[in-house]
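Structural description and commentary
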Amino acid sequence: PLPHHKNIFRMPALLETPPRHPRSPSSKSADSDDDGKKLTRLLSLDKNASSTLFTRFRSPSKASLSSSLDHLLKLDLPNCHLDNSSLPSDLHSNLPNLTTLFFLKNNFTEYPSQLNSCRHLNMVSFKHNKITTVSSIGPGIRWLILTDNKIESLPDDIGECRVLQKLMLSNNRLREFPDSISKCESLELVRASCNLLERPPMHLMGLKSLRWLAVAGNPFLNRLEVHFDDAAAEMMDVNSEDMGDDCGTVLGEGASGKVYKRKVDGKDVAVKCYGDSTVTSDGRPLDEFRAQLFAGRLELPHVVKCFGTAAASESKAAVIPDLILELLDGYKPLANPPSMTTCTRDVYPPSTFLKPSTVNKYCEAMAECMHKFSNVGLCHGDFYSHNILVNSSGDIKLTDFGAAYFYDVESKYGRLTQYIEFRAFKVWCEEVMSLCKFDKADAWEAQSYEDMQDFKVLLAEINSKIRVDKFHGNPFNEIYPFLYKCKPVHFRLYPKFVRFIIGYTTAVMFTMAFLSLPLLVCFLHPAFWQSFNARMFSTFVLGCYVLSYLLKPREWPAFRRLAQTWYEMFDFHANLSAHQRQTAIKEGQSERKYIMCMHPHGIIPLQAMAWSAYCDQYFSDPITGDTLYGFGAAADVVKYLPFIKNIMGWLSAGSASYNVLKRGLDSGIAEQCNANNNRRPRHLFLLPGGVAEVFESTVGHNAIVFKNRRGLVKLALETGSDLLPCYVFGGTDFYHNLATGTNILARISRKMKAGVTVFWGWFGLPLPFLPKVTLCVADPIRVEKVEGEIPKELIDSIHKKYIETIVELFEKYKVKAGYPNAVLIVK
């Protein structure tokens, strides 16, 4: 086991550094003695190794020392003035089980070829050396650190490193990566900042396994860095005198500098002071400064805010200004950095557990950040849980832009960068999802868990398409903003085709109800009364008309649940998570009242019935039974129309007159609801566009009519009801419309206060098309009750905010809803 180790067992050689002797090529024993001395020196320089091997043996025997060498797994020799001549040629046989080797701040000029013979060696570090040449790399290396050397090229046999997972090459002189890097199928993390790359490393960036990449400070990115640096320079400068002379409490320290707690204008802030270091493992502090400054300007709620800059105070030699950041009290990292065992995966404390609602909240928050970054050309490069801070309230913040860089989003390498970031995001999502733990009896958390599983499937689908080169575009546009698939509850046991038949039949019947008057004229035609059977049928139909007219409107909860069969038919999605719905219900059952305003009206408002099913199912607390289902409003002419009058009543909709709506919000008086167990609704649902929006509705056209409508705002102020703007994508795509704009039918309809138009669907019949329908609900616009006369300025301000909110809602969700080029017209 130790064939050439006579000198190792002499105690003086173990305790003292042996003098160097010139090697004699002609003498084999001289080579052995020289290798023995080199190994002795290495072992004696490593305090941990020497204490393990020698201190416990007063007079070590050959067998005991040999056994100890067999169990030696790690050598750590920082700043020992070692070079290539310091390594024994037979290191692999003397230390057969060596796995980790650190040579920080030494004088190596070449990557030692004898390391390739160490079968179990998987982690090697030559950080801060003088290496210029790397001739060969052992195929068993998993983690290779060559940061801060003078390497100009990598060997072609790097492609044989099939287990290579982490490669650190920042601050070298690389001009390109060899084509064989594309064979490193396990490579996940690469740091190649501050090199001489004139072109993007496409073979590297095309790796399907790559998840974390840093290439800032390379020539091919310089133009972009200057561009973004100029934009970031618009930040406000803070006079360093305003922060006082006290450096403050040290909050943290990293490779690029320290973070202090200080005061600016009497407010506690965090100040990042960049030190004298010109390069770190991730890149240059200057690149971190640029990225952090730029990210702070994006006004993302889950990124640490940046207030400005100040003259450098840490060191006179520092040329980077101090960065004034938001102070995060009570926050802590979500996880610890990767260990030598996990390599590229964070280490989570054993006691870390998250509820599904928290997981969804975290994923949506980080998806928003990554979506924004990917669309402005900023790569974070180090998207890990240890760079994400959370507090006990469920707030989350993304930090640490040390590996970030800017890129061209329109370029091919920019698209590959987005794929790399997406894979990092997917890994992170899977990690936090694995921490999920909840009580299955908690119905709300069960819904959140179902949402989480749907999102997990979506991530897997996108990733599989990327792997087979069938995905084009920005993957973050596919996942953010979040949309949740609606699933039926009352009809889930029915086969899918049965649900489709029930749903489509119901939609056709709903449409035909709006045609009750034209159909009545048809049934009064003499042709329907010529034969006995025709007269019997016509009599039955007319009897139904009379019965419908005589029956009073009354809500029927079972009917609105029929529209749950529409979910799959229209691929129905909504933007509210289970946690958001739960919060809305709690507020709605306490002190708040809502006026839910849906746009657009559409020709036949099928989306209104879909909303009734959604509200009945998803806006009802499964534990307490509380619900946001209130009462609706329809045009007054509806109460004179058979069938449609009853259907509107079943959906809890009554008169849309101002006084009726005000009385309903103030006192809960709505006849169609009060007749059913004397239910007193608190909330109002309506389509504010009314008849006018009917003539703005046709396939592919998105328009709302609200610019001159202030009555709704006045109603909200008089009753103290919050406005809840909603937009339904696909709401105008059920039918084609013959009469649009301001034609004669539109003028007649406004006089009648009812829509009169010609429309058609499949085959020119009133059979609706099947567009994808997406319900998007904005955050409530808070409205406080005003007694007495309401100032016109207040009405105008809320009206303006309402329009801004609906436009912002439309722009936020149009890409995800399938309308990337749509434009919302407000009339």
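Keep in mind the model is a prediction, meaning the values are calculated, not measured.

1. Notes on the overall build of the protein
From N to C terminus, the protein includes 26 helices and 29 strands. Per-residue burial over the protein gives 54% buried out of 827 residues. The contacts of the protein with a sequence gap of at least 6 include a subset with a gap of at least 24, amounting to 66%. Here the protein displays about 37,300 Å² of accessible surface, and carbon together with sulfur accounts for 55% of that area.

2. Looking at the pattern of salt bridges
Tallying each qualifying case throughout the model produces 28 salt bridges. Two residues, Arg-290 and Asp-287, come together in a salt bridge whose shortest N-O distance is 3.7 Å. On the criterion of helical spacing, the pair formed by Arg-290 and Asp-287 is a turn pair, its members being three residues apart in helix H8 (residues 285-296). A relative accessible area of 12% places Arg-290 in the buried class. For Asp-287, a relative accessible area of 4% gives the class buried. Taken together, the shared-partner salt bridges in this structure form one network comprising Glu-555, Arg-560, Arg-561 and Asp-616.

3. Considerations on the packing of aromatic side chains
Counted by the stated rule, this structure contains 45 aromatic pairs. When the centroid spacing of 6.2 Å and the interplanar angle of 35° are considered together, the rings of Trp-611 and Tyr-614 count as tilted. Within this pair, Trp-611 and its partner Tyr-614 are both found in helix H19 (residues 606-618), separated by three residues, close to a single helical turn. Its relative accessible area of 2% is what places Trp-611 among the buried residues.

4. Some details on the sheet that holds strand E23 (residues 684-686)
The mixed open sheet is built from eight strands, whose spatial order is E18-E19-E28-E25-E20-E23-E21-E22. Edge positions in the sheet fall to strand E18 (484-485) and strand E22 (653-655), since each of these pairs with one other strand and no more. Alignment of strand E25 (residues 722-729) against strand E28 (residues 774-777), held across four bridges, turns out to be antiparallel. If you follow Val-728 over to E28, its bridge partner there is Leu-775. Across the sheet, helix H26 (residues 792-813) touches strand E20 (594-599), E25 and E28, and the angle it forms with E25 is around 35°.

5. Focus on the environment of Ile-324
Looking at the element boundaries, Ile-324 is found in strand E12 (residues 322-325). Considering only alpha carbons, one finds Ile-324 and Ala-270, 54 residues apart in sequence, at a separation of 6.0 Å.

6. Observations concerning unusual backbone geometry
Cis geometry marks the peptide bond from Tyr-480 to Pro-481, where omega comes out at 0°. Secondary-structure assignment places Pro-481 in the loop between helix H12 (476-479) and E18. Here the bond from His-599 into Pro-600 is cis, since omega is -15°, no more than 30 degrees from zero. Locating Pro-600 in the fold gives a position in the loop between E20 and H19.

7. Remarks on the sheet that holds strand E4 (residues 143-145)
The parallel open sheet is built from seven strands, whose spatial order is E1-E2-E3-E4-E5-E6-E7. Looking at the sheet topology across the chains shown, the edges are occupied by strand E1 (74-76) and strand E7 (212-214). Neighbour-to-neighbour, the strand axes of this sheet turn through a mean angle of 5°, independent of strand direction. Of the strand pairs in this sheet, E1 and strand E2 (residues 100-102) are connected by three bridges, and their pairing is parallel. Residue pairing for E2: Asp-76 is matched across the bridge by Phe-102.

8. Some words on the packing of helix H21 (residues 658-667) against helix H24 (residues 711-719)
Interaxial distance between H21 and H24 falls to 10 Å at its minimum, and their mutual angle equals 30°. The angle between H21 and H24 places the two elements in the roughly parallel class. Considering only the axes of H21 and H24, their crossing is right-handed. In this structure, H21 contributes Tyr-658, Leu-661, Lys-662, Leu-665 and Asp-666 to the contact, and H24 contributes Gly-711, Lys-714, Leu-715, Glu-718 and Thr-719. Looking at side-chain class alone, the contact of H21 with H24 contains four nonpolar, two polar and four charged residues.

What counts and what doesn't
Residues numbered from 1 in each chain as written. Predicted model: local features only at pLDDT ≥ 70, side-chain atom pairs only at ≥ 80, totals over all residues. Heavy atoms only, no water. Helix = DSSP H or I, 4+ residues; strand = E, 2+ residues; numbered from the N terminus. Buried < 20%, exposed > 50% of the residue type's maximum accessible area, 1.4 Å probe, protein only. Contact = heavy atoms within 4.5 Å. Areas by Shrake-Rupley, 256 points an atom, 1.4 Å probe, with all protein chains shown as cover. Salt bridge = Lys/Arg side-chain N within 4 Å of Asp/Glu carboxyl O. Phe/Tyr/Trp six-rings, centres within 6.5 Å; stacked < 30°, edge-to-face > 60°. Pairing = 2+ DSSP bridges. Axes fitted to C-alpha atoms, helices over the stretch in contact; angles between N-to-C directions. Parallel < 35°, antiparallel > 145°, perpendicular 65-115°, else oblique. Left-handed = near helix turned anticlockwise from the far one by under 90°. Nonpolar A, V, L, I, M, F, W, Y, C, P; charged D, E, K, R; others polar.

Treat this as a map of the structure, not an account of what it does.
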